[in-house]
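The chain contents come next:
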Amino acid sequence: MPDLLIHDCDILRNEGDRAWVDLHQDIWVDGVRIKDIQPASSMPSPGNLRIVEAGGRLAIPGLMNTHAHVPMTLFRGLAEDVSVEAWFNDYIWPVESNLTPEDVYWGALLGMAEMIEAGVTCVADHYFAMDQVAQAAADAGMRALLAWAVFAHEGEAKLEQTCKFVQRWQGKADGRITAWLGPHAPYTTTPDFLRLCARRAQELGVGIHTHVSETAEQVRLSLEQYGVTPVRMLLDTGILERPAILAHCAYPSDADLEILHGKRAGVAHAPKTYLKLGSGIPDLRRYLNAGIPVGLATDGAASSNTLDILEQLRMMVLSQKNLAGDSTVMPVAKALGIAFQGSAQVLQMGSDLGEVTPGRLADITLIRQDGAHVFPRINPAANLIYSSRAADVDTVICNGQVLLENGQLLTIDKAQVKREVSRRLARLSQRVPGNRIAIYPA
Ligand SMILES: [Zn+2]
């Protein structure tokens with residue numbers, strides 16, 4: 001017997017070049033999955049059923065954030081209008097040396113409150129003290145793919161700690177948590193360290209989430225130091241034999257794209273960060289033509305200021321059109337294909353997420369469509385991309401559980417989270433001379 005009925009919603013669908021809406025539908029949820037979808041009120045509803053009244057709401061797949069550093073909400077607004085090098089060396093890596101595990105928990109919960117309010121049900125997070133992020137995801141009810149970031153200078157013992165994290169949390173929280181390894185990036189590790197990460201990932205049967213080719217300068221330094229591109233280094237060290245999330249990968253050569261073709265690797269694309277850093281927007285047609293999945297990401301709130309995927313979706317479309325100098329590039333259906341199916345593929349959950357259809361996991365976001373800014377509803381799909389706001393998110397369901405209803409968080413006490421974060425701020429934002437967790441090369 002189903003557990004949950006989402007009554008009388010409109011369902012957004014996209015396939016290839018087409019996007020459309022099925023009006024007045026009932027979505028039946030059984031446990032963690034969508035069991036059935038039928039025209040509204042066409043089937044009698046049994047007793048003991050949790051009913052979400054969704055008249056006039058647009059049901060979309062729960063939004064996915066394929067690369068973030070969720071606890072960095074703690075540093076939102078701390079380092080503005082500075083170079084990438086200064087951003088790391090003078091701000092972020094010094095203040096991150098102040099973090100305690102408990103700080104990470106509250107920063108993660110703040111980020112999850114923000115994401116749930118913005119309709120995001122799943123995040124691939126890459127950070128430190130990941131037990132706390134996993135606990136926050138367990139408490140918040142979100143789905144999370146978690147990787148503990150590790151640098152080569154932290155050594156093999158630290159990598160082993162991150163392997164233990166994988167074993168502690170794999171499949172926990174009713175299956176919502178997936179744990180991978182997270183070597184920080186080729187430029188903060190070594191080929192030997194990456195080889196070790198690949199071997200341990202294989203032994204554990206898990207994937208790898210890493211940053212790669214974020215800027216043209218990183219590619220230049222890699223060629224100078226090792227004679228190969230960062231993507232080629234991932235190939236040579238065995239990383240690409242594992243499922244992989246490649247954060248940014250904004251400067252691949254044609255040969256890099258050939259390397260990635262056919263691998264279980266996807267690119268996490270975070271246009272707001274690229275625009276803000278002035279680091280350049282990659283042409284996504286190159287990846288899609290090479291058959292490489294692309295998904296949407298926010299990166300951390302210290303660079304992108306929000307964890308809002310609708311905002312990234314809009315920026316992706318606008319920046320691709322602008323880059324191409326062509327208004328026909330990145331049409332509505334293709335953009336939805338990246339936000340939904342593309343992101344699900346990058347997360348290696350292409351058959352479980354990314355569509356509101358029977359058999360998929362019940363990760364569903366309901367969006368209000370009664371605002372003046374989305375009226376008239378001539379093209380609800382275009383409205384979603386060009387007009388809707390995170391504040392229009394009304395109800396969020398993840399793994400069959402309601403996390404937000406009528407705009408109200410059900411699993412997180414936001415006032416408490418803000419209090420906990422506030423009382424940590426003065427200590428956290430101190431930059432102690434000489435204290436930093438790593439050094440950005442320049
Ligand atoms: Zn990142």
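Residues numbered from 1 in each chain as written. Predicted model: local features only at pLDDT ≥ 70, side-chain atom pairs only at ≥ 80, totals over all residues. Heavy atoms only, no water.

Asker: Teacher, can you tell me more about the domain arrangement of the protein chain here?
Answerer: Where interface size is given, it is often the accessible area lost as the parts come together that is meant. Splitting the protein chain by domain gives domain 1 (4–59 + 358–409) and domain 2 (63–346). Taking only C-alpha atoms, the centre of domain 1 and the centre of domain 2 are 28 Å apart. Contact with domain 1, which involves 27 residues of that partner, is made by 28 residues of domain 2. Of all residues in domain 1, the largest losses of buried area upon contact with domain 2 belong to N14, I385 and Y386, amounting jointly to 29% of the total for that side. Seen at the junction of domain 1 and domain 2, the total is one salt bridge. Across the salt bridge formed by R143 and D363, the nearest N and O atoms sit 2.7 Å from each other. (Domains from an automatic or database assignment. Contact = heavy atoms within 4.5 Å. Buried area = accessible area lost by both parts, 1.4 Å probe. Salt bridge = Lys/Arg side-chain N within 4 Å of Asp/Glu carboxyl O.)

Asker: Explain the pairing of strand 2 (residues 18–30) here, please?
Answerer: Consecutive residues of a regular strand have side chains that alternate between opposite faces of the sheet. Here strand 1 (residues 4–15) pairs with strand 2 via nine bridges, running antiparallel. Within strand 2, the residue paired with L4 across the bridge is V29. As consecutive antiparallel partners, strand 1 and strand 2 are separated by two residues, and within that stretch G16 has a phi angle of approximately 55°, a positive value. Note: strand 2 against strand 3 (residues 33–39), six bridges, orientation antiparallel. Looking at strand 3, one finds that Q25 is bridged to P39. (Pairing = 2+ DSSP bridges. Helix = DSSP H or I, 4+ residues; strand = E, 2+ residues; numbered from the N terminus.)

Asker: Would you explain the pattern of salt bridges in this entry?
Answerer: Close approach of charged atoms allows side chains of opposite charge to pair. In this structure the tally under the stated criterion is 28 salt bridges. The shortest N-O distance in the salt bridge between D103 and R424 comes to 2.6 Å. Here the residue D103 occupies a position in helix 2 (residues 101–117), and R424 occupies one in the loop between helix 15 (414–422) and helix 16 (425–428), the gap between them amounting to 321 residues. With relative accessibility at 0%, the residue D103 sits in the buried group. (Buried < 20%, exposed > 50% of the residue type's maximum accessible area, 1.4 Å probe, protein only.)

Asker: What is the right way to read helix 5 (residues 191–204) from this model?
Answerer: In an α-helix, one full turn covers 3.6 residues, which means residues spaced three or four apart are oriented alike. Compared with an ideal rise of 1.5 Å per residue, which puts 14 residues at 20 Å, helix 5 spans 20 Å between its outermost C-alpha atoms and is within 8% of the ideal. Turning to helix 5, its buried residues are F193, L194, L196, C197, A198, R200 and A201. Packing partners of the buried residues in helix 5 comprise strand 8 (143–150), helix 4 (155–169), strand 9 (177–183), strand 10 (208–212) and helix 7 (230–236). (Expected span 1.5 Å × (residues − 1).)

Asker: Quick question: what am I supposed to make of the packing of aromatic side chains here?
Answerer: Given two aromatic rings, one states the distance between the centres and the angle between the planes to describe the pair. Scanning the model with the defined rule gives seven aromatic pairs in all. Between W87 and F88, the ring centres sit 5.0 Å apart and the planes meet at 85°, which makes this aromatic pair edge-to-face. Under the relative-accessibility criterion, W87 is labelled buried at 10%. Aromatic pair W93 and F151: ring centres 5.7 Å apart, planes at 90°, arrangement edge-to-face. Here W93, found in helix 1 (residues 84–96), pairs with F151, found in the loop between strand 8 and helix 4; they are 58 residues apart in sequence, far enough to count as distant. The exposure class of F151 is buried, given its relative accessible area of 1%. In this structure an aromatic cluster arises from ring pairing among W87, F88, W93, Y127, F128 and F151. Directly above the ring of W20 sits R18, whose terminal nitrogen or CZ lies 4.1 Å from the centroid. (Phe/Tyr/Trp six-rings, centres within 6.5 Å; stacked < 30°, edge-to-face > 60°. Lys NZ or Arg CZ within 6 Å of the ring centre and 35° of its normal.)

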